[in-house]
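A structural walkthrough
So the chains spell out like this:
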Amino acid sequence: MTTPFPLRHTVRKISRTITGRNKLGNAVTEETTSEVRVAGWAQPSSDEPKQAGHERLTVDLEIYAPPETFNEGDAVDIPGYGTLEVIGHPENYSHSPFGWDPGLVVVNTRRKDR
């Protein structure tokens, strides 16, 4: 799927994969990084905070990216914003009732230091 929007920005994606369990049964994860192209990002604008995911975490930044770029549990390093955690599943509006497919998903993120 291509998008009619240019992917003008490069960000660093941090993927986390569970590689096993330690002696206590906790998940052991491995992080890999890669450079990915995105259309852009913006802070949600509303009088009420935007919340996402099962835990209803407050969204600090929305990233507009091609589908399949980010998964729940990934992190992303954005110049000027630092490292943010991906919360919830990306919001896909490709199947709107109007027949237009933007070719992008909205990825909700949250600052890592919260």
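Predicted model only: the values in this text are computed from it and were never measured.

The rules behind the values
- Residues numbered from 1 in each chain as written.
- Predicted model: local features only at pLDDT ≥ 70, side-chain atom pairs only at ≥ 80, totals over all residues.
- Heavy atoms only, no water.
- Helix = DSSP H or I, 4+ residues; strand = E, 2+ residues; numbered from the N terminus.
- Buried < 20%, exposed > 50% of the residue type's maximum accessible area, 1.4 Å probe, protein only.
- Contact = heavy atoms within 4.5 Å.
- Areas by Shrake-Rupley, 256 points an atom, 1.4 Å probe, with all protein chains shown as cover.
- Salt bridge = Lys/Arg side-chain N within 4 Å of Asp/Glu carboxyl O.
- Phe/Tyr/Trp six-rings, centres within 6.5 Å; stacked < 30°, edge-to-face > 60°.
- Pairing = 2+ DSSP bridges.
- Core = buried A, V, L, I, M, F, W, Y, C linked by side-chain atoms within 4.5 Å.
- pLDDT = per-residue confidence, 0-100.

**Considerations on the overall build of the protein**
- When you go through the protein residue by residue, the secondary structure sums to 0 helices and 10 strands.
- When the helices and strands of the protein are read in sequence order from the N terminus, they spell out β-β-β-β-β-β-β-β-β-β.
- Residue burial in the protein is summarised as follows: out of 114 residues, 32% are buried.
- For the protein, contacts bridging at least 24 residues in sequence account for 55% of all contacts bridging at least 6.
- Carbon and sulfur atoms make up 49% of the accessible area of the protein, which amounts to about 7,400 Å² in all.

**Here's the deal with the side chain of Ser15**
- Its place among the elements puts Ser15 in strand E1 (residues 9-21).
- Apart from the residues within four sequence positions on either side, Ser15 is in contact with Glu30, Glu31, Thr32 and Asp74.

**Things to note about the pattern of salt bridges**
- Enumeration according to the criterion identifies 4 salt bridges in this entry.
- Residue Asp77 is joined to Arg12 by a salt bridge in which the shortest nitrogen-to-oxygen separation is 3.5 Å. Note that Asp77 is positioned in strand E7 (residues 75-78) and Arg12 in strand E1, a separation of 65 residues in sequence.
- Looking at Arg12, the relative accessible area reads 30%, which means it is partly exposed.
- Connected through salt bridges with shared partners, the residues Arg16, Glu31 and Glu85 form a single ionic network.

**Focus: the packing of aromatic side chains**
- If you walk through the whole model with that rule in mind, you get 1 aromatic pair.
- The interplanar angle of 85° and the centroid separation of 6.0 Å between the aromatic rings of Phe5 and Trp100 together place this pair among those described as edge-to-face. Of the two residues, Phe5 is situated in the segment before E1 and Trp100 in the loop between strand E9 (91-92) and strand E10 (105-111); the sequence distance between them amounts to 95 residues.
- A relative accessible area of 36% places Phe5 in the partly exposed class.
- The class of Trp100 is partly exposed, set by a relative accessible area of 48%.

**Focus: the pairing of strand E6 (residues 61-65)**
- Buried residues dominate E6, accounting for 4 of its 5 residues.
- Sheet topology places strand E3 (residues 40-42) next to E6; 3 bridges connect them, and they run antiparallel. Looking across to E6, one finds that Gly40 is bridged to Tyr64.
- As judged from the 5 bridges shared by E6 and E10, these two strands associate in the antiparallel manner.

**A few points about the nonpolar core**
- Judged by nonpolar contacts, the single largest core of 13 residues is most densely connected at Val11, Ile63, Phe70, Val76, Ile78 and Val107.
- Those elements that place two or more of their residues in this core are strand E2 (27-38), E6, E7, strand E8 (82-86) and E10.
- Broken down by element, this core gets its largest block of residues, 3 residues, from E6.
- Residues in contact with Ile78, not counting those within four places in the same chain, are Val11, Trp41, Leu61, Ile63 and Leu84.

**Here's the deal with the confidence of the model for the protein**
- Looking at the protein, pLDDT values average 86 and 89% of them are 70 or higher.
- Here strand E4 (residues 51-52) stands out as the least confident element of the protein, with mean pLDDT 59; E7 is the most confident, with 95.

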